[in-house]
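Breakdown of the fold
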Amino acid sequence: MFRDYLQIAVATVMCVLLVPLGVVVAAGTLGDVNIKGLQGVSFKDKVQIPATIEVWDAAEKKCSEVDFEAYTACVTASEMPADFHEEAIRAQSIAARTYAMSKIKKYGSGGPEEHPEAPVCNTTHCQVYKPEAELISIHKKGWEEEGWAKVKKACKDTEGQLLYYDGKLVNQPLFFSSSGGQTENSEDVFVSAVPYLVSVSSPYEEETTHRDEETVLSMKEFKKKIRAAFPEKDFGEINPASVKIISRTAGGRTDKMQIGDVTLKGTQVRSALGLSSALFSISFREGSGWNGSSDSQMEIVFTSSGSGHGVGMSQYGADGMAKEGYDYKEILKHYYSGVEIY
Ligand SMILES: [Zn+2]
């Protein structure tokens, strides 16, 4: 008991001494207790980053132990082009680091069902990880000195920094290529709502390669692909009159679509047809074999913008924001609503 009082007394004296000097006070110790962050955020689970991480090689079916920050740099270079703005690369490095850390926290030395041997794998199932030598070998000559050096510096600049929401480590720092102008609410694309994964505008994506992309299918091909993707469903008659978009999500993507007698989610149509994004519109036109009478001679045109699921950080949007003068913290706080970075 006396010792407790003594500790409180010492802590109080420390606070009194330090606060007037403008020194940031950590009101507690690392672990389960609350810690006051730099801006007064109360951390419920401030995490310690380990020195290494176990990575499951999905092709080789084996684990390797990788230095944690080296892993972060390799994922960053695997997931974002090195010619993106350095502030965007910094933002990407924090998303990559936070994702890995959240998996370590969740699985410890184990992993998910798909790879119980390690908390993360090296594919898009988790986040893409290519080792340094492979990265250098797949890029043009000179990339090691320029691109790789730039990515490594961006990761070094943010070393140890993670995303927190409401004092807890963010466990779904999702990202994707480009949004087409607006990101999505998590619940509109995946199963559940996540407070920091809400629809926001993404205005600076001029350089994205996916804009008004046309995918043209004959009605015959369209029907074949849809029926093959959902063999258990009875679509009945599929013709231009029975194919329409019924509703859209907050981010403008196709929410529900009627195809024959069946209603599908926009994300289901996207994956069945291999579209870059669920942000699409549809139109019909006469195909080359049009004979003036048969619907089967018609073509269906999907016009899509953006690439990827649309939830969380748009990478092209991050690059665009960086070029507009926003720094990595502003970029992350824009795409992950309400987060703090420490
Ligand atoms: Zn995985």
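Residues numbered from 1 in each chain as written. Predicted model: local features only at pLDDT ≥ 70, side-chain atom pairs only at ≥ 80, totals over all residues.

This brings us to the overall build of the protein chain. Check the secondary structure of the protein chain and you find 10 helices and 16 strands. For the protein chain, buried positions account for 40% of its 342 residues. For the protein chain, long-range pairs separated by at least 24 residues make up 67% of all intrachain contacts whose partners lie at least 6 apart in sequence. (Helix = DSSP H or I, 4+ residues; strand = E, 2+ residues; numbered from the N terminus. Buried ≥ 20, exposed ≤ 12 C-beta atoms within 10 Å, placed from the backbone. Contact = placed C-beta atoms within 7 Å.)

On to the sheet that holds strand β11 (residues 254–259), then. Taken in spatial order, the 3 strands of this open sheet run β10-β11-β12, and their pairing is antiparallel. Unpaired on one side and paired on the other, β10 (243–248) and β12 (262–265) mark the two borders of the sheet. Mean inter-strand twist for the sheet, computed between neighbouring axes without regard to direction, equals 25°. Pairing geometry for β11 and β12, over 4 bridges, is antiparallel. When the sheet's bridge partners are listed, Met-257 is paired in β12 with Leu-264. (Pairing = 2+ DSSP bridges. Axes fitted to C-alpha atoms, helices over the stretch in contact; angles between N-to-C directions.)

Below, the discussion takes up the confidence of the model for the protein chain. Low pLDDT means the predicted atomic positions in that stretch should not be read closely. Residues with a pLDDT of 70 or more make up 85% of the protein chain, whose mean pLDDT is 86. Note on residues 1–40: pLDDT under 50 across the span, and 26 contacts to partners over four residues away in sequence or across chains. (pLDDT = per-residue confidence, 0-100.)

A few words now on unusual backbone geometry. Despite not being glycine, Lys-61 shows a phi value in the positive range, around 55°. Mapped onto the elements of the fold, Lys-61 is located in the loop between β3 (52–57) and β4 (62–67). Of note in this structure, Asp-166 is not a glycine but carries a positive phi near 50°. Note on placement: Asp-166 falls in the loop between β6 (163–165) and β7 (168–169). Look at Asp-166 and you get partly exposed, because 14 C-beta atoms sit within 10 Å.

With that settled, consider the nonpolar core. Membership of the largest hydrophobic core comes to 56 residues, with the highest contact counts inside it found for Ala-91, Ile-331 and Leu-332. It is helix α3 (residues 86–107) that contributes the most residues to this core, 9 residues altogether. Discounting residues that sit within four places of it in the chain, Ile-331 has contacts with Glu-87, Ala-88, Ala-91, Ala-318, Met-321, Ala-322 and Tyr-326. If you look at the next biggest cluster of nonpolar residues, it comprises 14 residues, including Met-219, Ile-238, Met-257 and Ile-259. (Core = buried A, V, L, I, M, F, W, Y, C linked by C-beta atoms within 7 Å.)

With that settled, the discussion passes to the sheet that holds strand β13 (residues 280–286). Pairing within the open sheet is antiparallel, and its 3 strands lie in the order β9-β14-β13. Edge positions in the sheet fall to β9 (213–218) and β13, since each of these pairs with one other strand and no more. On average, adjacent strands in this sheet sit at an angle of 25° to one another, irrespective of strand direction. Pairing of β13 with strand β14 (residues 298–304), which is carried by 7 bridges, proceeds in the antiparallel orientation. When the bridges of β14 are listed, Ser-283 appears paired with Val-301.

Our next topic: the packing of helix α2 (residues 68–79) against helix α5 (residues 144–157). One way to put it is that α2 packs onto α5 with a least axis distance of 9 Å and a crossing angle of 130°. Between α2 and α5, the interaxial angle falls into the category oblique. Pair α2 / α5 crosses with right-handed handedness. Two secondary-structure elements touch here, α2 through Glu-69, Thr-72, Ala-73, Thr-76 and Ala-77 and α5 through Trp-148, Val-151, Lys-152 and Cys-155. Classifying every residue of the contact of α2 with α5 by side-chain character gives 5 nonpolar, 2 polar and 2 charged. (Parallel < 35°, antiparallel > 145°, perpendicular 65-115°, else oblique. Left-handed = near helix turned anticlockwise from the far one by under 90°. Nonpolar A, V, L, I, M, F, W, Y, C, P; charged D, E, K, R; others polar.)

Here we come to the packing of α3 against α5. Remark: α3 packs on α5, axes separated minimally by 8 Å, with the N-to-C direction vectors making an angle of 60°. Classified by the angle between their axes, α3 and α5 sit oblique to one another. For the pair α3 and α5, the sense of crossing is right-handed. Touching Glu-86, Ile-89, Arg-90 and Ser-93 of α3 are Lys-150, Val-151, Ala-154, Cys-155 and Asp-157, all from α5.

Inspection of the secondary structure assignment puts Ser-337 in the loop between α10 (328–335) and β16 (339–341). Apart from the residues lying within four places of it in its own chain, the contact partners of Ser-337 are Tyr-196, Val-198 and Val-200.

On to the pairing of β3, then. The pairing of β3 with β4 spans 6 bridges and is antiparallel. Within β4, the residue paired with Glu-54 across the bridge is Glu-65. Between β3 and β4, which pair antiparallel in sequence order, lie 4 residues; one of them, Lys-61, sits at a positive phi of approximately 55°. Note that β3 and strand β5 (residues 120–121) share 2 bridges and pair parallel. Looking across to β5, one finds that Trp-56 is bridged to Cys-121.

This next bit is on α10. Where α10 is concerned, the buried positions are Tyr-328, Ile-331, Leu-332, His-334 and Tyr-335. Along the axis of α10, the buried residues cluster in a sector spanning 160°; they form a single face. On the buried face of α10, the contacting elements are α3, β6, β15 (313–314), α9 (315–323) and β16. (Arc of directions from axis to C-beta.)

What follows concerns α9. The buried count for α9 comes to 8 of 9 residues, which makes it a mostly enclosed element. Residues Gln-315, Tyr-316, Gly-317, Ala-318, Asp-319, Gly-320, Met-321 and Ala-322 constitute the buried set of α9. In this fold, the buried residues of α9 make contact with α3, β8 (175–176), β15 and α10. Gly-325 sits one or two residues past α9 and shows a positive phi near 105°.

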